[in-house]
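Each chain, letter by letter, is given below.
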Amino acid sequence: MKTDLFINNEWRPAASGKRFPVVNPATEAVIADAAAGDAADVDNAVRAAKACFESAAWRDLSARKRGRLLFKAADLLEARLDEFSRLESAQNGKTLFEAKIELTMTVNTLRYYAGWADKIVGDTLPVDGPFLAYTLREPIGVVGAIVPWNFPLNIASWKFAPALAAGCTIILKPASETPLTALLFAEVALEAGLPPGAFNVVSGGGSTAGAALVRHPDVDKISFTGSTEVGRQIMKMAADTNKRVTLELGGKSPNIIFADADLKAAVRGAQTGIFYGKGEVCAAGSRLLVERSVHQQVIEQLADGAKKLTPGDPLDKNTRLGALVSKKQQETVLAYIKQGVAEGAQLVAGGHAVKSNGKGYFVEATVFDGVQPDMTIAREEIFGPVLAVLTFDDFEHGVKLANQTIYGLAAGIWTKDIQKAHRAAKAIRAGTVWINSYNFYDSGAPFGGFKASGFGRDLGREALDGYLETKTVWVQL
């Protein structure tokens, strides 16, 4: 596959000539080297995107034809699903099982927004006076999308699919740990027939390529998914050029098990909530809140389940816990585990680094009991397979604990009492609330956060608003 930058429908080396290695975290082997783009490359990509946006080739392309391009891209991606899934697993360490789920969603996201392309409409306004007043929804312009390493192509599609459907052009900056599927998708975009400059990929570091994209005066919008800390930096940088910004940031999501829940299903959901994707999930249910009367039952089942969840070869069809994305991330997760023990939490399962065939950045499925709300592992996002279990006494206490965080990305509720479920869903300040389920997503369901988890939405009809301007037109009759 090609690993240069993709700009204006051309493969180009970085202007500096620099490259960086991409490592398979399960084997510790270098699997590719990618071009290390910087400000000069970003400028070239922005020039291409702006020229395309202003060109007849893009501006005069009907919405329906834009939709057809996205439908074709979806078909082409689906035909190469196995290839993309294996590459996603190799660069991220996630299991092939998970990669196939996520790449299938990427196909669905393309099709969902392909269908929206010719359904973006304005309104006729009943204003006073002899006027015809109406609104037009117009594309915002050049978009910079900066995406993380945990769901590399899937989250990227949450940005580029609605942006292209709305009529924007885009520069995608993938995470430096996982640039390969974004670059491979450029082949799909080229084959689908997107005109030069509509879709560009600049791989490189966040402090170089990413910062240059945010600061560039000809980028009209930044859509970012990543840490809250970096999101705050992006807001500050974007303010200098009055950029629109959408931020989907971190989380410390509560997963609440009430005593009247189906405990078997709730424990299974709690495990999915924290161990899917190795816990490297923004919406991971990393705080499990358990009603005191069923606490011991839940802990025993959780510990037993975690001990059976063995990290291993991500390409093995039976593996359900892959490698963390990098040695650095493994060290971060292990440091949090050590701190949890030091602060008095009880380690009931896991807690150690392990290898598969003598290699890899694996961490066992880890469960802490006896966690107090002020402990570090209850407050900070760990981004690994580490579950902090807290207990509560009644409904009010449980909701209070759920909201006792700076974050507000997601939450889970487990109960057989539907009235209680809806009361809790309304009371919890989070962008997504799952009831008797966890970690489900759909292209048609908006996703994003409250509080320090960001603002704006990916997915659903709501995501399109982030890529559109509203123009009001008055006509005197």
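See above for the structure.
Definitions and limits used
The residue numbering used here restarts from 1 in each chain and proceeds along that chain's sequence as written. Reporting of local features is limited, given that this is a predicted model, to residues whose pLDDT is at least 70; pairs of side-chain atoms are given and counted only at 80 or more, and all residues count toward the totals for whole chains, interfaces and linings. Where side-chain values are given, they derive from all heavy atoms of the structure, hydrogens and water being excluded. Here an angle of 0 to 180 degrees is reported between the N-to-C directions of two axes, which are lines fitted to C-alpha atoms, with helices fitted over the stretch in contact. Only DSSP runs of H or I with at least four residues qualify as helices, and only runs of E with at least two residues qualify as strands; both kinds are numbered from the N terminus onward. In what follows, roughly perpendicular refers to angles from 65 to 115 degrees, roughly parallel to angles under 35, roughly antiparallel to angles over 145, and oblique to any angle outside these ranges. Crossing handedness: left-handed means the near helix sits turned counterclockwise from the far one by under a right angle, and right-handed means the same turn made clockwise. Residue contacts are defined here by distance: any two heavy atoms, one from each residue, within 4.5 Å place the two residues in contact. Classification of ring pairs rests on two measures: the distance between centres of Phe, Tyr or Trp rings, Trp counted by its six-membered ring, which must be within 6.5 Å, and the angle between planes, read as stacked under 30 degrees, edge-to-face over 60 and tilted in between. Here's how the labels work: a residue is buried when its accessible area is under 20% of the maximum for its type, exposed when over 50%, partly exposed in between, all with a 1.4 Å probe on protein chains only. Charges are assigned to positions over rings by a cutoff of 6 Å between ring centre and Lys NZ or Arg CZ, combined with an angular limit of 35 degrees from the ring normal. Charged-residue counts in this description rest on Lys and Arg as positive and Asp and Glu as negative, His and the chain ends being excluded. Salt bridges are defined as contacts in which a side-chain nitrogen from Lys or Arg sits within 4 Å of a carboxyl oxygen from Asp or Glu. Any pair of nitrogen or oxygen atoms within 3.5 Å is treated as a polar contact; in protein, a donor-acceptor pairing is required on top of that, and neighbouring residues in sequence qualify only through side-chain atoms on both sides.

Engineer: Can you lay out the packing of helix α3 (residues 63-79) against helix α7 (residues 180-192) for me, pointing to particular residues and giving the numbers?
Structural biologist: Contact geometry of α3 with α7 gives a least axis separation of 9 Å together with a crossing angle of 130°. Taken together, the axes of α3 and α7 lie oblique to each other. Between α3 and α7 lies a crossing of right-handed hand. Here Leu 69, Lys 72, Ala 73, Leu 76 and Leu 77 of α3 lie close against α7, whose contacting residues are Phe 185, Val 188, Glu 191 and Ala 192.

Engineer: Give me the packing of aromatic side chains: which residues, what numbers.
Structural biologist: This model, assessed by the stated rule, comprises 14 aromatic pairs. Ring centres of Phe 258 and Phe 395 lie 5.9 Å apart, and the angle between their planes is 15°; this geometry places the pair in the stacked category. Of the two residues, Phe 258 is situated in the loop between β12 (254-257) and α10 (263-275) and Phe 395 in helix α14 (residues 395-402); the sequence distance between them amounts to 137 residues. Since its relative accessible area comes to 15%, Phe 395 is described here as buried. Seen in terms of ring centroids, Trp 434 and Tyr 441 are 5.6 Å apart; in terms of plane orientation they differ by 80°. Their pairing is edge-to-face. Owing to a relative accessible area of 29%, Tyr 441 belongs among the partly exposed residues under this scheme. Through pairs of rings, three or more aromatic residues link up here, namely Trp 158, Trp 434, Tyr 438, Tyr 441 and Phe 447. Between Lys 221 and the ring centre of Tyr 467, over which it is positioned, the NZ or CZ distance is 4.3 Å. When the ring centre of Phe 395 is taken as reference, the NZ or CZ atom of Arg 423 above it lies at 4.0 Å.

Engineer: How would you sum up the side chain of Glu 88? Please name residues and give values.
Structural biologist: Position of Glu 88 among the secondary structure elements: in helix α4 (residues 81-92). We note that Glu 88 is buried and unpaired, the nearest opposite charge coming from Lys 94 at a distance of 6.6 Å. In this structure the side chain of Glu 88 is engaged in a polar contact, spanning 2.8 Å, whose partner is the side chain of Thr 181. Excluding residues that lie within four positions of it along the chain, Glu 88 makes contacts with Gly 93, Lys 94, Ala 99, Leu 103, Pro 152, Leu 153, Asn 154 and Thr 181.

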